[in-house]
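# Reading the structure
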Amino acid sequence: QFVTSNLSERYVGNVRKGAPAEVLLTAYPDYPLDAVVDRIAPQGTEDVSGAVVYTVYLDVGETFDSTT
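Description of the structure in this document. Remember, predicted model here, so these are calculated numbers, not experimental data. (Residues numbered from 1 in each chain as written. Predicted model: local features only at pLDDT ≥ 70, side-chain atom pairs only at ≥ 80, totals over all residues. Heavy atoms only, no water.)

Attention shifts here to the pairing of strand E5 (residues 52–60). Sheet analysis places strand E1 (residues 2–8) next to E5, joined by 5 bridges and oriented antiparallel. Bridge pairing in E5 links Ser8 to Val53. Of the strand pairs in this sheet, strand E3 (residues 28–40) and E5 are connected by 5 bridges, and their pairing is antiparallel. For Val37, the partnering residue across the bridge sits in E5 and is Leu58. Here 2 bridges tie strand E4 (residues 45–46) to E5, and the two strands are oriented antiparallel to one another. (Pairing = 2+ DSSP bridges. Helix = DSSP H or I, 4+ residues; strand = E, 2+ residues; numbered from the N terminus.)

Right, here's the structure in full:
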């Protein structure tokens, strides 16, 4: 499972449970991971800039081998 806590309130209305998603890790930008939205926190929190953000939980599919 992958958790992100920076989904802007601007986009939270576009995300639904069960929707396909893609996870891009900074360390491996050429290896996107397929995922599915498991759940979205029902209430947002305020980040350091004062923006409201939501936590999203994603079920990640297959992993990759970065040595190949």
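We now examine the nonpolar core. Counting residues in each nonpolar core, the largest one holds 10 residues, listed as Leu7, Val12, Val15, Val23, Leu33, Ala35, Val37, Tyr54, Val56 and Leu58. Listed by contribution, the elements that provide at least two residues to this core are E3 and E5. (Core = buried A, V, L, I, M, F, W, Y, C linked by side-chain atoms within 4.5 Å. Buried < 20%, exposed > 50% of the residue type's maximum accessible area, 1.4 Å probe, protein only.)

Of the volumes computed, that of the largest pocket is approximately 250 Å³. Mapped onto the lining of the largest pocket, the elements with two or more residues apiece are E1, strand E2 (20–25) and E5. Of the residues assigned to the lining of the largest pocket, the class counts are 10 nonpolar, 3 polar and 1 charged. (1 Å grid on protein atoms, 1.4 Å probe; cavity = no way out; pocket = protein on both sides within 12 Å on 5 of 7 lines; lining within 4 Å. Points joined across faces, edges and corners; volume = space filled by probe spheres on them. Nonpolar A, V, L, I, M, F, W, Y, C, P; charged D, E, K, R; others polar.)

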